[in-house]
Amino acid sequence: MALALLIAMPQGQWQGNGINPEASGSPMSTNHLAQRMETVQPNAIGELLKFGADPGLISFAGGYPDGSLFPLAQLNDVYQTAILQNGAQSLQYTVSDGDPKLRAQLAARSTAKGTTCTSDNILILQGSQQGLDLVAKMLVDPGDIIVTESPTFLGAIIAFHPCQPRYVGIPMDENGMKTEVLEQRLKEGLKPKLLYTIPDFQNPTGVTLSFERRKHLIALANQYDFMILEDTAYRELRYVGVEPATLKSLDTQDRVIMLGSLSKVLAPGLRLGWANGSVSMIQKLGLLKLAADTQCSTLNMAAASLYLERYNLDAHIETLRDAYQRKKNLMLETIRLHFPQEVSFTDPEGGLFTWLTFPNDFDSTRFMRDYALSKAKVAYVPGSSFFPNANELNHARFNFSGQTDANIVKGISALGALLKLEMAKLS
Ligand SMILES: Cc1ncc(COP(=O)(O)O)c(C=O)c1O
């Protein structure tokens, strides 16, 4: 499921395509559903898939990498080799922990980049999204507290929901989660089971957690005894500046489980990510993985492993960085030129998103429904979707990697003109 695409609108505003057995005439009644299904709400994925399919609409909503940059010739080569040379082996069942060679390659890559581990610390996943699901299943009982950044990645909230946690959102500034606020809450008696963070170019804000705060977070986890789930989906897409150490590399008590992904640096359709954790946690996660889907695609793992062996992923990532930095600059310049001055936005050092903040009385969901979609033919993700328990209406997430330069200029300038009209009415 393309969760990057997904926006959960406040109920009643959007008709998602969640299954309603009563409406479909099925004899099954909602009485038969497990209690956890109360947390599994319809969402607007159907709406967004329609947006994506509408050629007249410019969507800045999805977290799509630029498909024109996928290394198609190289992928064609490695798939051919996997099938023609390795034959049946590439199409057979395999171990649920994942292709041993790929695990070793990812461990070596991680170690070379400063997060030391061995292949025993790596579990191959169906995208890092599966890690969000499995780690929550492994650690979270109903009623347990998960601390997140506020706002946070919608796909994580959706993955955590069936475990019936309670959420505590910690506010952010330009240096990421305000760990001093977290510390205050902990001193007041907050007892989290798990803290979920996206320290690098956070989704949705694009903000990076400072090195000082990373150290503070680890110290708090040690002192107050909670686990950390570190989601590094965007870490390798840094355009400027120096990367701070991962939380995992600062972890001395095996409190951090780190998730990585090939989605943004190679191709999301491969559905390949990984978890990096202590051997005992990885073994437990492997049991859950076996129960969930047996294993990742043998063929995709073989192809990814061959790609890492034959080609230079880092050189490919350099190409992506250049292209996305240019698009990011283009989007922000166009916003500066065309949006009302009251709209502020983040200028991320990497990743795929900028986060816009409108004046307090501006409702970005209503604006998208009533104006952006119909009049400018532009979609974005209203910010309210990303708050675990607050309800801030005056933000929006814009993706800059998935659209052409021409569409970025066309969509942003059309939206700017409409915003000026609408905001003149508010003032
Ligand atoms: C922060 C974050 N984590 C995890 C994911 C899941 O990515 P994948 O399952 O493709 O690795 C996404 C996708 O957009 C994301 O933004």
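Residues numbered from 1 in each chain as written. Predicted model: local features only at pLDDT ≥ 70, side-chain atom pairs only at ≥ 80, totals over all residues. Heavy atoms only, no water.

**Considerations on the packing of helix α2 (residues 72-85) against helix α10 (residues 298-310)**
Right, so step 1: Two elements in contact, α2 and α10, have axes whose closest approach is 8 Å; the angle formed by their N-to-C orientations is 120 degrees. Considering the angle they form, α2 stands oblique to α10. Crossing of α2 over α10 shows right-handed handedness. Contacts from Gln74, Leu75, Asp77, Val78, Tyr79, Thr81, Ala82 and Ile83 of α2 reach α10 at Leu299, Asn300, Ala302, Ala303, Leu306, Tyr307 and Arg310.
Right, so step 2: Grouping the amino acids of the contact of α2 with α10 by side-chain chemistry returns 10 nonpolar, three polar and two charged. (Axes fitted to C-alpha atoms, helices over the stretch in contact; angles between N-to-C directions. Helix = DSSP H or I, 4+ residues; strand = E, 2+ residues; numbered from the N terminus. Parallel < 35°, antiparallel > 145°, perpendicular 65-115°, else oblique. Left-handed = near helix turned anticlockwise from the far one by under 90°. Contact = heavy atoms within 4.5 Å. Nonpolar A, V, L, I, M, F, W, Y, C, P; charged D, E, K, R; others polar.)

**Side note on the pattern of salt bridges**
Right, so step 1: Throughout the structure, instances matching the rule amount to 27 salt bridges.
Right, so step 2: A salt bridge links Glu349 to Arg238, with the shortest nitrogen-to-oxygen separation between them at 2.7 Å. Taken as a pair, Glu349 in the loop between β10 (344-345) and β11 (353-357) and Arg238 in the loop between β7 (227-231) and α8 (247-250) lie far apart in primary sequence, 111 residues in all.
Right, so step 3: Residue classification places Glu349 among the partly exposed residues on the basis of a relative accessible area of 34%.
Right, so step 4: Exposure remark for Arg238: the relative accessible area of 8% places this residue in the buried category.
Right, so step 5: Each of Arg109, Lys113, Glu236 and Asp314 takes part in salt bridges that share partners, so that together they form one network. (Salt bridge = Lys/Arg side-chain N within 4 Å of Asp/Glu carboxyl O. Buried < 20%, exposed > 50% of the residue type's maximum accessible area, 1.4 Å probe, protein only.)

**Focus: the site of the ligand**
Right, so step 1: In the vicinity of the ligand there are 14 residues, among which Ser128, Asp231, Tyr234, Ser261 and Ser263 approach most closely.
Right, so step 2: At a separation of 2.8 Å, an oxygen atom of the ligand approaches a polar backbone atom of Ser128.
Right, so step 3: Expressed as a share of its isolated accessible area of 400 Å², the protein-covered part of the ligand is 95%.
Right, so step 4: In terms of residue class, the shell around the ligand is built from five nonpolar, six polar and three charged. (Near = heavy atom within 4 Å. Polar contact = N/O pair within 3.5 Å; in protein donor to acceptor, adjacent residues only side chain to side chain. Areas by Shrake-Rupley, 256 points an atom, 1.4 Å probe, with all protein chains shown as cover.)

**What about the sheet that holds strand β3 (residues 145-150)?**
Right, so step 1: Strand order in the open sheet formed by eight strands is β2-β9-β8-β7-β6-β3-β4-β5, with mixed pairing between adjacent strands. The open sheet has two free edges, formed respectively by β2 (122-125) and β5 (176-177), since each of these has just one partner strand.
Right, so step 2: Two strands pair when backbone bridges link them, and β7 and strand β8 (residues 256-261) are joined in this way by four bridges, in the parallel orientation. Looking at β8, one finds that Leu229 is bridged to Ile257. (Pairing = 2+ DSSP bridges.)

**Quick look at the sheet that holds strand β13 (residues 381-382)**
Right, so step 1: Spatial strand order, β10-β11-β14-β13: four strands in an open sheet with antiparallel pairing. Either end of the sheet is taken by a strand with one partner, and the two such strands are β10 and β13.
Right, so step 2: As paired elements, β11 and strand β14 (residues 395-399) share five bridges and run antiparallel to each other. Of the residues in β14, the one forming a bridge with Phe353 is Asn399.

**Structural notes on the domain arrangement of the protein chain**
Right, so step 1: Segmenting the protein chain into domains produces domain 1 (3-70 + 315-426) and domain 2 (72-310).
Right, so step 2: Taking the mean C-alpha position of each, domain 1 and domain 2 sit 24 Å from one another.
Right, so step 3: Surface buried jointly by domain 1 and domain 2 totals about 3200 Å² across both partners, of which 64% is contributed by carbon and sulfur atoms.
Right, so step 4: For the pair domain 1 and domain 2, the interface holds one salt bridge.
Right, so step 5: For the side of domain 1 that touches domain 2, the element with the most residues is helix α11 (residues 313-338), which contributes seven residues.
Right, so step 6: Each residue belonging to the side of domain 1 that touches domain 2 can be placed in one class, and the counts come to 19 nonpolar, 11 polar and five charged. (Domains from an automatic or database assignment. Buried area = accessible area lost by both parts, 1.4 Å probe.)

**Comments concerning helix α9 (residues 279-293)**
Right, so step 1: The end-to-end C-alpha separation of α9 is 21 Å, in line with the 21 Å expected for 15 residues at 1.5 Å each.
Right, so step 2: By the burial criterion, the buried members of α9 are Met281, Ile282, Leu285, Gly286 and Lys289. In a view along the axis of α9, the buried residues occupy a sector of 140 degrees, so they form one face of it. Facing away from the buried side of α9, by more than 90 degrees, are the exposed residues Gln283, Lys284, Leu287 and Ala291. (Expected span 1.5 Å × (residues − 1). Arc of directions from axis to C-beta.)

**Some details on unusual backbone geometry**
Right, so step 1: Note the cis peptide between Ser150 and Pro151, where omega equals 10 degrees.
Right, so step 2: Although it is not a glycine, Phe201 adopts a positive phi angle of roughly 50 degrees.
Right, so step 3: Classification of Phe201 as buried rests on a relative accessible area of 1%.
Right, so step 4: You will see that Lys377, though not glycine, has its phi angle at about 60 degrees, which is positive.
Right, so step 5: Mapped onto the elements of the fold, Lys377 is located in the loop between α12 (364-376) and β12 (378-379).

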